[in-house]
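Architecture and fold: a report
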Amino acid sequence: MNLDSILRTEIQQAIQAVFGADTDQFQVQPTNAEFEGSHTLVCFPLTKISKKNPEETAKIVGEYLIANSQLVAAYNVVKGFLNLSLKDSVWVEVFTSLFSQANLGQLPKNGQEIMIEYSSPNTNKPLHLGHLRNNFLGWSVAEIYKACGYKVHKVQIINDRGIHICKSMAAWKLYGNGETPKSSGIKGDHLVGKYYVEFNKVLTEQVKELEAKGIPKEEAEKQAPIMKVAIDMLRKWEYRDDETLQLWKMMNSWVYEGFDTTYKKMGVDFDKLYYESNTFLLGKEQVLTGLENGVFFKKEDGSIWVDLTGDGLDQKVLLRSDGTSVYMTQDIGTAILRFHDYPNINGQVYTVGNEQEYHFKVLFLILQKLGYDWAKRCYHLSYGMVDLPTGKMKSREGTVVDADDLIDEMVAEARKQTLELGKTEGMDDEESGTLFNMIGLGALKFFLLKVDPKKKMLFDPNESIQLQGFTGPFIQYTHARIKAILRKADSLAIKTDAETLKSITSLETSEKALVQLVSGFESKLKEAAKDYSPAVIANYVYELAKTYNQFYQAIPIFTENDNAKLQFRIALSKTVANLIKRSMKILGIDVPERM
RNA sequence: GCACUCGUAGCUCAAUUGAAUAGAGCAUCUGACUACGGAUCAGAAGGUUCGGGGUUUGAAUCCCUGCGAGUGCACCA
């Protein structure tokens, strides 16, 4: 039973006692900082029951609580708002019970199981800024669910087959001269990406030539010699042509090697990988079964469709007239395979950009029509695009921010600023290297995660490398500073035992504010899970760090004469440090002992 | 054209899902270490929440409408 719900119960009893109405339809919110108190009852809706004006209603409830509540010490009324101040002893009690809790911030196992997909790149080019938001988001949501007691499976679908990779293959075959990551020293995913760019360059030239001969653009794109090579490769791939498969395997393996390096740098991992080349056949089968069962229909040219006009959507192709599969086909196969592999999962989360909202609406409907009732428990975690100050990222215009480059720049900037501040004294190279990495990556992750996932966001490189204010490094700094205090407390052999803590009778305002925040962590965690939003955690941990800094600035710790108070402040600092570390870990960000 | 999403300080973002004088950070200006770490803290300034109607005791939030932006509507992925 937590504080908020006890208070709610008391208020409910108060309303019953003074107005004779049993209702839980009232709102308790945190008190605005400018007013005295911690909890505020909004009294406007109660006037219907009380038959009095809001101020009077508030006053009557307030008086009753003073007389009867175990928690409330004082109240004040501003307009229709009843601001309640709780007894200091209550806050002390709340804190000591939190302090003695072993797994603070980890909810007990709830027996639920969930699968979360993220990343899911194409294998023809390196990861970029958009993938970073995707990966950090998906990984963090997985951590949030773990913290809420779920068993979580982190997966991705690798789009390893299709025309996109054939384009890279075609260009490499034509112009590569056998170049490999080893021979060129270029990271595998970047090398394959280089040939993807090369393909488009050549294609553009060839199309231009054909257009000059009077062939319309659309036709020219199909007829361009290099496109013919790519399409031929796609066909050969479907026929399992040995040479093509070998090339495909080799180039994909380069990409995977490159991706592995990047994922490691990002601090992102997966429990299981799915490959489109392994799931699209199952998708095909399902579509054919659906056709037999009358769920889908066939057009004269042999293509197979689903009709969703009854659901307010359109008709959608599921198999081409030549029998080859489309994007949707393999997603059907993948979903079914996953629920087959993990029969106990309660749901599946797809972390995919909001430009695919329609696609997932259709996918989930199709799965339902195929009779899979778990389709209702599939959720598209749709996030907004990342824009640049110069506008949208466009691979054709070369305005894509490369993931590897960006991470390297962030770490380099962290190094520069840290050295300027002289923060690395007494550290060896390994320690300082780890620190630069922690700060650079922490700044990047926090920058991308603090914004509500649903919203599109602007990535300003200059702002992202800021280390002050609402940033990851600000929070890391706060943690390091608390650790310095705890080290000193250790060296002074200051104990923090529960009995002594409980003897405290009064608290400073900033101490109460901290205790209130600390006690609210679990409800924030649940909110973050419900909304699939690491931003909730990011905002919380920032608030926590900021509030601690205010406390730190306002109240001296080691010059305190009262031993119990001294112990309390150390214990409070320790708990805040733990929660900062825990929250940041959930965001995928490490915090240093010193910086 | 149709559908969906969005529009909050100069800039980037919040707002307990309908409550108080709409809050933070950056940038600008003014202050604060003889104590525990100044990557900090205190303060000032900055708003017709895109415009216009409506519902409500109460609207940034809900409804209608106008304007502006983004995304989707392929036998692409």
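Here, every reference points to the structure presented above.
Presented here is an overview of the structure given in this document. (Residues numbered from 1 in each chain as written. Chains lettered and ligands numbered in written order. Predicted model: local features only at pLDDT ≥ 70, side-chain atom pairs only at ≥ 80, totals over all residues. Heavy atoms only, no water.)

Considering the sheet that holds strand S8 (residues 297-298)
- The three strands are arranged S8-S9-S10 in an open sheet whose pairing can be described as antiparallel. Each having just a single partner strand, S8 and strand S10 (315-319) make up the two edges of the open sheet.
- By the bridge criterion, four bridges tie strand S9 (residues 304-307) to S10 in an arrangement that is antiparallel. If you follow tryptophan 305 over to S10, its bridge partner there is valine 317.
- Here helix H12 (residues 276-292) sits on the sheet in contact with S8, S9 and S10, set at roughly 120° to S10. (Pairing = 2+ DSSP bridges. Helix = DSSP H or I, 4+ residues; strand = E, 2+ residues; numbered from the N terminus. Contact = heavy atoms within 4.5 Å. Axes fitted to C-alpha atoms, helices over the stretch in contact; angles between N-to-C directions.)

Focus: the environment of proline 181
- Along the chain, proline 181 turns up in helix H7 (residues 181-184).
- Among the residues examined, proline 181 registers a relative accessible area of 17% and is labelled buried.
- Sequence-wise, proline 181 and valine 255 are 74 residues apart; in three dimensions their C-alpha atoms are separated by 9.8 Å.
- In contact with proline 181, not counting residues within four places along its chain, are Ile186, Gly188, Leu191 and Trp254. (Buried < 20%, exposed > 50% of the residue type's maximum accessible area, 1.4 Å probe, protein only.)

Some words on the protein's contact with RNA strand B
- What surrounds RNA strand B is a group of 66 residues, the closest being Lys79, Asp301, Lys423, Arg481 and Ile555.
- Contact between RNA strand B and aspartate 452: a phosphate oxygen at 2.8 Å from a main-chain N or O atom of the residue.
- Within the backbone of leucine 458, an N or O atom sits 2.7 Å from a phosphate oxygen of RNA strand B.
- Among the secondary structure elements, those contributing two or more residues to the surface near RNA strand B are strand S1 (27-30), strand S2 (39-42), strand S4 (81-86), helix H14 (357-369), strand S14 (457-458), helix H18 (472-491) and helix H22 (534-554).
- The element that contributes the greatest number of residues to the surface near RNA strand B is H18, accounting for seven residues.
- The class makeup of the residues in the surface near RNA strand B is 31 nonpolar, 17 polar and 18 charged. (Near = heavy atom within 4 Å. Polar contact = N/O pair within 3.5 Å; in protein donor to acceptor, adjacent residues only side chain to side chain. Nonpolar A, V, L, I, M, F, W, Y, C, P; charged D, E, K, R; others polar.)

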